[in-house]
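This is what each chain is made of:
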Amino acid sequence: MDRILERYEQKSYAARQLAPTGKFFLECSKLTSTVEALQRNLRQFQGEGLDTLSLRDLQLLEQQIGNSLKRIRTRKNKLMNESISLLQKRERTLHDQNNILAKKVKTIHQIHEVSSFILDFINTFSMDKAERKDQTPSEHAQNSSVQPQFPSLTIGEVYEAMEGTNKEVQFNLNLVPTL
């Protein structure tokens, strides 16, 4: 009898050991069928193995592909709009920088013109002074009566005086060298 009980315990213990394995086997078979279904769907999305599908299955597949295509296009459009926005912002920044640089170039050009004018004036004045040193007093008296023409700067503004008449105010700044 002990032997019978011992065999019974061994068999029931073995049965308990196999029960979870059967559960794992069932779960493994479910996962295997899921993987096979996903692979079949992937092949169908790629256009392979469509011969076995019915009209309804083909319509469902077409609808799924259409929905996927809409999501892809939506995402693509969103990325393109973001890219366009960034490029427009960069364009505005570069345009502003270009305007600033153009103003700087214009200012430098004006400064160069003024400095060239001043240097020419100084050179002319220096030559005239050197020529006068070489002249005799009678020649100097003859040449000094003729004044060279220098540019003048006139700043004027019309304003209304207290009596109600318009008067023009002018400031004449003649650039005349001192001898």
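Residues numbered from 1 in each chain as written. Predicted model: local features only at pLDDT ≥ 70, side-chain atom pairs only at ≥ 80, totals over all residues. Heavy atoms only, no water.

**Quick word on the overall build of the chain**
- Helix and strand counts for the chain stand at three helices and two strands.
- The N-to-C order of helical and strand elements in the chain reads α-α-α-β-β.
- Here the analysis covers contacts within the chain between residues at least 6 apart in sequence; of these, 23% occur between residues at least 24 apart.
- For the chain, the exposed surface amounts to about 16800 Å²; the carbon and sulfur share of it is 58%. (Helix = DSSP H or I, 4+ residues; strand = E, 2+ residues; numbered from the N terminus. Contact = heavy atoms within 4.5 Å. Areas by Shrake-Rupley, 256 points an atom, 1.4 Å probe, with all protein chains shown as cover.)

**Here's the deal with a nonpolar patch on the surface**
- A cluster of nonpolar side chains, Val114, Phe117, Ile118, Leu119 and Ile122, forms an exposed patch at the surface whose accessible area comes to about 450 Å².
- With respect to the helices, strands and loops of the structure, Leu119 is situated in helix H2 (residues 55-134).
- Classification of Leu119 as exposed rests on a relative accessible area of 51%. (Patch = residues over 30% accessible without salt bridge, like charges linked within 9 Å, V, L, I, M, F, W, Y side chains within 5 Å. Salt bridge = Lys/Arg side-chain N within 4 Å of Asp/Glu carboxyl O. Buried < 20%, exposed > 50% of the residue type's maximum accessible area, 1.4 Å probe, protein only.)

**Some remarks on the side chain of Gln44**
- Mapped onto the secondary structure, Gln44 falls in helix H1 (residues 2-45).
- The contacts of Gln44, once residues within four sequence positions are left out, are Gly49, Leu50, Leu53 and Leu61.

**So, the confidence of the model for the chain**
- Summarising the model, the chain shows a mean pLDDT of 76, and 65% of its residues fall at 70 or more.
- Counting contacts from residues 158-162, a segment whose pLDDT is below 50, to residues more than four positions away or on other chains yields 10 contacts.
- Every residue in residues 164-173 scores below 50 in pLDDT, and together they form 25 contacts with partners more than four places removed in sequence or on other chains. (pLDDT = per-residue confidence, 0-100.)

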